[in-house]
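# Fold and contact review
Here is how the chains run, residue by residue.
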Amino acid sequence: MPIPGSGLAKGLAVTLRTMTRKSVTAQYPDAQPELPPRTRGVIGLFEENCTVCMLCARECPDWCIYIDSHKETVPAAVPGGRERSRNVLDRFAIDFSLCMYCGICIEVCPFDALFWSPEFEYAETDIHELTHERDKLREWMWTVPEPPALDPRAEEPKEIAAARKAAEKAAAQAAQAQADAEAAQAEQEGPQ
């Protein structure tokens with residue numbers, strides 16, 4: 001049977017232990033926090049890669065991405081060719097008051113137009129101002145950190161290994177052909 005008041009005594013013991021320690025307070029506005037490398041702050045837009053395929057808007061579970069576009073006709077590249085049409089981005093906005101930072105839009109983008117930025121200071125006094133347009137998203141794109149370096153112990157990608165082997169084989173064949181040509185030339189010069 002527990003002793004009456006033992007829970008209160010344990011709680012007071014924890015309080016007394018922590019009271020004697022020096023507190024560590026981060027002076028946030030003056031000293032910026034050191035963020036982990038994969039911090040999910042806001043989403044940056046690399047507009048040049050966006051083809052207005054609408055995958056990000058369709059896959060977003062919160063429907064917080066707004067995209068408007070129009071079609072433009074591109075003249076034929078060569079005489080006698082046909083005209084082509086392409087989508088032109090008019091509006092790309094993300095409502096961060098709805099966004100749950102799941103990252104699905106970034107993962108489904110087939111053209112690498114969306115990236116995580118570590119920026120986190122975008123608080124507003126009015127909730128309607130949390131819908132950021134493409135100009136602001138483009139500004140955040142330049143704060144996206146470089147991708148991490150490849151693990152030196154990782155296995156070489158198959159594509160790179162195949163290309164390297166093909167290049168080494170071609171170089172070996174060229175060296176053999178050069179050696180054969182030099183041997184043939186030396187053989188012709190020798191009997192004179």
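Note that the structure is predicted; figures quoted are calculated from it, not measured.

## Some details on the overall build of the protein
Counting its regular elements, the protein contains five helices and five strands. Going from N to C terminus, the protein has its helices and strands arranged as α-β-α-β-β-α-β-β-α-α. A compact globule built from 192 residues would reach a C-alpha radius of gyration of about 16 Å, whereas the protein, at 31 Å, exceeds it by more than 25%. Here the C-alpha coordinates of the protein stretch approximately 115 × 55 × 40 Å along the principal axes. Long-range contacts, defined here as pairs at least 24 residues apart, represent 72% of the contacts in the protein between residues at least 6 apart. Split by element, the accessible area of the protein, about 15000 Å² in all, is 57% carbon and sulfur.

## A look at the pattern of salt bridges
Here the structure, examined in full by the defined rule, presents seven salt bridges. Between Arg138 and Glu47 there is a salt bridge; the shortest N-O distance is 2.5 Å. In this pair, Arg138 sits in helix α4 (residues 134–141) while Glu47 sits in the loop between β1 (42–45) and α2 (55–59), placing the two residues 91 residues apart along the sequence. Looking at Arg138, the relative accessible area reads 28%, which means it is partly exposed. Among the salt bridges present, the one from Lys136 reaches Glu139, with a minimum N-O distance of 3.7 Å. Taken as a pair, Lys136 and Glu139 lie in helix α4 at a separation of three residues, close to a single helical turn.

## Re the layout of surface pockets
Reported here for the largest pocket is a volume of approximately 580 Å³. Taken together, 18 residues make up the lining of the largest pocket; nearest its centre are Pro37, Arg38, Trp116, Pro145 and Pro148. For the lining of the largest pocket, the element with the most residues is strand β4 (residues 114–117), which contributes three residues. When grouped by side-chain class, the residues that make up the lining of the largest pocket number eleven nonpolar, three polar and four charged.

## Some thoughts on the nonpolar core
Soluble globular proteins tend to bury their nonpolar side chains together. With 26 residues, the main nonpolar core has Ile43, Ile65, Ile67, Phe92, Ile94, Phe96 and Leu114 as its most contacted residues. The residues touching Leu114, leaving out its near neighbours within four places in the chain, are Ile43, Gly44, Leu45, Cys56, Phe92, Cys105, Ile106 and Cys109.

## Remarks on the confidence of the model for the protein
The predicted model of the protein averages 89 in pLDDT, with 98% of residues at 70 or higher. Put simply, helix α5 (residues 158–189) is where the protein has its lowest mean pLDDT, 88, and α2 is where it has its highest, 96.

## So, a nonpolar patch on the surface
A contiguous nonpolar surface patch, about 250 Å² in accessible area, is contributed by Tyr28, Leu35 and Phe120. Secondary-structure assignment places Tyr28 in the loop between α1 (6–19) and β1. Judged by its relative accessible area of 35%, Tyr28 is partly exposed.

## Considering α4
Every buried residue belonging to α4 is among Leu137, Trp140 and Met141, and all of these are buried. Viewed end-on, α4 has its buried residues packed into an arc of 110°, placing them on one side of the element. Of the surrounding secondary structure, the elements contacted by the buried residues of α4 are β1, β3 (84–95), β4 and β5 (131–132).

Analysis parameters
- Residues numbered from 1 in each chain as written.
- Predicted model: local features only at pLDDT ≥ 70, side-chain atom pairs only at ≥ 80, totals over all residues.
- Heavy atoms only, no water.
- Helix = DSSP H or I, 4+ residues; strand = E, 2+ residues; numbered from the N terminus.
- Rg over C-alpha atoms; globule rule 2.2 N^0.38 Å.
- Contact = heavy atoms within 4.5 Å.
- Areas by Shrake-Rupley, 256 points an atom, 1.4 Å probe, with all protein chains shown as cover.
- Salt bridge = Lys/Arg side-chain N within 4 Å of Asp/Glu carboxyl O.
- Buried < 20%, exposed > 50% of the residue type's maximum accessible area, 1.4 Å probe, protein only.
- 1 Å grid on protein atoms, 1.4 Å probe; cavity = no way out; pocket = protein on both sides within 12 Å on 5 of 7 lines; lining within 4 Å.
- Points joined across faces, edges and corners; volume = space filled by probe spheres on them.
- Nonpolar A, V, L, I, M, F, W, Y, C, P; charged D, E, K, R; others polar.
- Core = buried A, V, L, I, M, F, W, Y, C linked by side-chain atoms within 4.5 Å.
- pLDDT = per-residue confidence, 0-100.
- Patch = residues over 30% accessible without salt bridge, like charges linked within 9 Å, V, L, I, M, F, W, Y side chains within 5 Å.
- Arc of directions from axis to C-beta.

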